[in-house]
Amino acid sequence: MNKLVAGNWKMHGLSADLSEVRAIAEQSRRYPAVDVALCVPAILIERAVRTAPGFAIGAQDVHQAPSGAHTGSVSAQMLRDAGARLTIVGHSERREFQRESDADVKAKAAAALGAGLDVILCVGESLKVRESGRAVETVVAQLDASLPVTVEGEAWLAIAYEPIWAIGTGKVPTNAEIGEMHAAIRARLVERFGPPGQAVRIVYGGSVKASNAAEIFGVADVDGALVGGASLKAADFIPIVAAAAVEGDAPIA
Ligand code: PGA
């Protein structure tokens, strides 16, 4: 399967930054064996889509209801209408600052998939949990409670394993820690969904950059990356895409 390399711009991005969207879209074309996407602030989606036609632009969150009295929120249908192809759900920053529960994340994932939006569903443990030795059981429980009932539709689901202590900190788990967690997530996906669970990509997120991407992509069951800080500039992001392409086809000159 193609690796997935998605950028998460978080609360970054003004009109002036659309030139980076364009550069990332253009340079990504050299790596057709990698699925590249940028998840930008909702207000920038439509302009990003116009700037980079054909390139996958996504959102960072979605409301679970199709419409209604939810001031400030955006539905899956609205995101599709703006041209988004995917959305992140359950990022740890939203779980923490917006108090999103596993049940909320599950409902968001189901709503997005049902509306035809691809989904990157995030899970990950705190440093306290990692140090207690309960990281795997905690993340698998979080996954279990956050997964939608089915993955059999038009849109795809990917899981992002993002240890909270590795996000924006420059700290990265060891290859063994990443491999152990991805294997546990894969096992649970197959238990839940049967053979379609094998096709769900499991990407790693947390301080991925050009200098560590190749090593991380070499770990078994790592099917790509969700990249925050290093996705804001083409010069930082494209080398990560290139690293993901190494196991696939040669780049187009
Ligand atoms: P980071 O963020 O790459 O800046 O650590 C990753 C994320 O939060 O998705």
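Residues numbered from 1 in each chain as written. Predicted model: local features only at pLDDT ≥ 70, side-chain atom pairs only at ≥ 80, totals over all residues. Heavy atoms only, no water.

Visitor: Tell me what's going on with the sheet that holds strand E8 (residues 224-227), and back it up with residues and numbers.
Guide: Read around the closed barrel, eight strands run E1-E2-E3-E4-E5-E6-E7-E8, paired in parallel fashion. Each strand axis lies, on average, 25 degrees off the axis of its neighbour in the sheet, ignoring direction. In the sheet, strand E7 (residues 201-205) pairs with E8 via two bridges, with the strands oriented parallel. Pairing of glycine 205 across the sheet is with leucine 226, part of E8. (Pairing = 2+ DSSP bridges. Helix = DSSP H or I, 4+ residues; strand = E, 2+ residues; numbered from the N terminus. Axes fitted to C-alpha atoms, helices over the stretch in contact; angles between N-to-C directions.)

Visitor: Tell me what's going on with the pattern of salt bridges, and back it up with residues and numbers.
Guide: If you walk through the whole model with that rule in mind, you get 15 salt bridges. Note that aspartate 144 and arginine 188 form a salt bridge whose closest N and O atoms lie 2.2 Å from each other. Within this pair, whereas aspartate 144 is found in helix H7 (residues 135-146), its partner arginine 188 is found in helix H8 (residues 175-193), the two being separated by 44 residues in sequence. With a relative accessible area of 25%, aspartate 144 lands in the partly exposed category. Using a relative accessible area of 22% as the deciding quantity, one classes arginine 188 as partly exposed. Three or more residues joined by partner-sharing salt bridges are found here, namely Asp61, Arg94, Glu100 and Lys108. (Salt bridge = Lys/Arg side-chain N within 4 Å of Asp/Glu carboxyl O. Buried < 20%, exposed > 50% of the residue type's maximum accessible area, 1.4 Å probe, protein only.)

Visitor: Before we move on, can you summarise helix H9 (residues 210-217) with the specific residues and values?
Guide: The complete set of buried residues in H9 reads Asn212, Ala213, Ile216 and Phe217. Taken end-on, H9 shows its buried residues confined to a sector of 135 degrees, consistent with a single buried face. Exposed and facing more than 90 degrees away from the buried side of H9 are Ser211, Ala214 and Glu215. Considering only its buried residues, H9 is in contact with strand E1 (3-8), H8, E7, E8 and helix H10 (234-245). (Arc of directions from axis to C-beta. Contact = heavy atoms within 4.5 Å.)

Visitor: Tell me about the environment of alanine 59, residues and numbers included.
Guide: For alanine 59, the position within the fold is in strand E3 (residues 56-59). Sequence separation between alanine 59 and arginine 85 is 26 residues; the distance between their C-alpha atoms is 8.3 Å. Dropping the residues within four chain positions of it, alanine 59 is found in contact with Cys39, Val40, Ile45, Leu79, Leu86, Thr87 and Ile88.

Visitor: Mind laying out the site of the ligand, listing which residues take part and the relevant values?
Guide: With respect to spatial proximity, 13 residues lie near the ligand, and among them Lys10, His91, Glu162, Gly168 and Ser207 are the closest. Within the side chain of glutamate 162, a nitrogen or oxygen atom sits 2.6 Å from an oxygen atom of the ligand. Glycine 168 places a main-chain nitrogen or oxygen 2.7 Å from an oxygen atom of the ligand. If the ligand stood free it would expose 280 Å²; the protein chains cover 94% of that surface. Each residue belonging to the shell around the ligand can be placed in one class, and the counts come to four nonpolar, seven polar and two charged. (Near = heavy atom within 4 Å. Polar contact = N/O pair within 3.5 Å; in protein donor to acceptor, adjacent residues only side chain to side chain. Areas by Shrake-Rupley, 256 points an atom, 1.4 Å probe, with all protein chains shown as cover. Nonpolar A, V, L, I, M, F, W, Y, C, P; charged D, E, K, R; others polar.)

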